[in-house]
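# Residue-level structural notes
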Amino acid sequence: MRRIAVWYILLNKRLFKKWSFLLILCMVPLLVAGLRLAAGQESGIVTIALCMKNPADELSVQVAEQLKGDDGVLRYITCETEEEARELVKSFQADAAWIFPEDLEESLQMAAAYKMATPVVTVVEREDNILLIFSREILSSTLYTYFSYEVYTDFVRDDLGITVDEKDLQAAYELVLVEDSLFRIEYFDGQASENSSYLLAPVRGILALWLVLCGFAASMYFIQDEKQGTFSWMPIKHRLWMAFGFHAVLLSDAVVILLIACKLAGVFTVWYKELANAVMFMGCALVFCNLVRLLCGTLERLGSCIPILLMGMAVLCPVFLNVNRFRPLQYLLPPFYYLQATHSTYHLYLMAAYILILTALCVFIFLCRNRKNKYKRRSEVKLKRRINKKCFVHNVEEK
């Protein structure tokens, strides 16, 4: 155990002398800090211009403040006149403009009296797309709270013919009023989803890709050291386990950075789950990177494969989007297991099976290559002996 600790410290000291390794480790704090800074500022994808024809209308002001208070993909700016709002849309400074009437409450009452959702807010758009349709749904859901109360009061007083005081009517309405969201998102482990900025949503997936990149960096360092003869003192049959230990040292440093980054980014769940998931993911990345190293063989081939593999992981794994059509390919990639195991214990067992299978493949390829190299070395030795023997015979005959 003491020898392992000494080797761990010595390899760490050696790695921290490499500027490329330090640069890879510094990428994560800079990334998380940048995303946290961007998430704290206005970062909407769609810009909506809000215009109130009557700035003194209380309901219009209340609706506008409620819209501005929601953190999401919509960014709101306020205009004083309708012409200014339309001009912002024409000049591409805003994607849409929502123009509220002089008296929003009266407009909602008229719509309720007709028993149908008649247009209340004027919407000005240059084009129609998915994001603008989504934004109109947000506007409709915000107005529905006030519209439903007008429909309720109109039904009680006009259709039922009941004369009720306004306070009693409102108190009865609030008894069945659902103020919170109608839907609650919950993961398989029972943990509820928290509302956070959409900019922080892909942080865990990006960190997963980064840890695999650290594993590839360890593979490249190991190939370089092997070429320079750093491990020549070790028997060839033990080189694979030496490679595993070399990768484990670098990836253990990366796992610590990953856990700290998850905590700073606000995507950290429970410490024991995060620790178990990160350690298993480290094992998956370790065997995967070693398998790719053994298959590539040379530093040049490995360097050319790394961008392709990382781009494939970014597309196939649920980093930005969850693609379900390529499930067999997803099971080959380590980040898929890590991202799925965040809220699913079942995928931890899959990660253990993944490590065992890829370790067996690494051992098989290593033994086959070692046997091939051993046969090649024997052939070279025999060839040298024949050449030396012929040269010796030739020299004897000359004498």
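Here is a short report on the structure shown in this document. Every value quoted in this text rests on a predicted model; they were computed, and no experiment measured them.

Rules and cut-offs
- Residues numbered from 1 in each chain as written.
- Predicted model: local features only at pLDDT ≥ 70, side-chain atom pairs only at ≥ 80, totals over all residues.
- Heavy atoms only, no water.
- Core = buried A, V, L, I, M, F, W, Y, C linked by side-chain atoms within 4.5 Å.
- Buried < 20%, exposed > 50% of the residue type's maximum accessible area, 1.4 Å probe, protein only.
- Helix = DSSP H or I, 4+ residues; strand = E, 2+ residues; numbered from the N terminus.
- Axes fitted to C-alpha atoms, helices over the stretch in contact; angles between N-to-C directions.
- Parallel < 35°, antiparallel > 145°, perpendicular 65-115°, else oblique.
- Left-handed = near helix turned anticlockwise from the far one by under 90°.
- Contact = heavy atoms within 4.5 Å.
- Nonpolar A, V, L, I, M, F, W, Y, C, P; charged D, E, K, R; others polar.
- Salt bridge = Lys/Arg side-chain N within 4 Å of Asp/Glu carboxyl O.
- Pairing = 2+ DSSP bridges.
- Patch = residues over 30% accessible without salt bridge, like charges linked within 9 Å, V, L, I, M, F, W, Y side chains within 5 Å.
- Areas by Shrake-Rupley, 256 points an atom, 1.4 Å probe, with all protein chains shown as cover.
- Expected span 1.5 Å × (residues − 1).

## Re the nonpolar core
Core analysis: the biggest nonpolar cluster contains 71 residues, and W210, L211, F216, L258, F288 and M313 have the highest contact counts within it. For this core, the secondary structure elements donating two or more residues are α2 (19-39), α8 (203-227), α9 (239-265), α10 (271-296), α11 (299-316), α13 (334-340) and α14 (346-398). Among the elements that take part in this core, α9 stands out by supplying 15 residues, more than any other.

## Describing the packing of helix α5 (residues 104-113) against helix α6 (residues 130-159)
It is at 9 Å that the axes of α5 and α6 come closest, and there the two elements cross at 55°. It follows from the interaxial angle that α5 and α6 lie oblique. Here the hand of the crossing between α5 and α6 comes out right-handed. Touching L104, E105, L108, Q109, A111, A112 and A113 of α5 are L143, Y146, F147, E150, V151 and D154, all from α6. Its residues assigned to classes, the contact of α5 with α6 shows nine nonpolar, one polar and three charged.

## Notes on the pattern of salt bridges
Scanning all chains against the criterion turns up five salt bridges. Here E274 ties to R204 by a salt bridge, and the two come within 2.8 Å at their closest N and O atoms. On the criterion of sequence distance, the pair formed by E274 in helix α10 and R204 in helix α8 is long-range, its members being 70 residues apart. The exposure class of R204 is buried, given its relative accessible area of 8%.

## Considerations on the sheet that holds strand β2 (residues 74-79)
The strand order β2-β1-β3-β4 describes an open sheet built from four strands, whose pairing is mixed. Where the open sheet ends on each side, the last strands, each with one partner, are β2 and β4 (122-125). The average angle at which neighbouring strand axes cross in this sheet is 25°, direction not considered. Across five bridges, the pairing between strand β1 (residues 46-52) and strand β3 (residues 96-100) is parallel. The residue bridging C51 from the neighbouring strand is I99, located in β3.

## Regarding a nonpolar patch on the surface
Taken together, the side chains of W271, Y272, L275 and V279 present a nonpolar region at the surface, about 440 Å² in accessible area. Relative to the elements of secondary structure, W271 occurs in helix α10.

## Re the packing of α8 against α10
Taken N-terminus to C-terminus, the directions of α8 and α10 make an angle of 45°; their axes are 9 Å apart at the nearest point. As judged from the angle between their axes, α8 and α10 are oblique. α8 and α10 meet at a crossing whose hand is right-handed. Of the residues in α10, those touching α8 at R204, A208, L211, V212, G215, F216, S219, F222, I223 and E226 are E274, F281, M282, A285, F288, C289, N290, V292 and R293. Each residue belonging to the contact of α8 with α10 can be placed in one class, and the counts come to twelve nonpolar, three polar and four charged.

## As for α11
Compared with the 26 Å implied by 1.5 Å per residue over 18 residues, the 25 Å span of α11 between its first and last C-alpha is a close match. Looking at α11, one finds that the buried residues are L299, L302, I306, L310, M313 and L316. The inward-facing, buried residues of α11 abut α8, α10, α12 (327-330) and α13.

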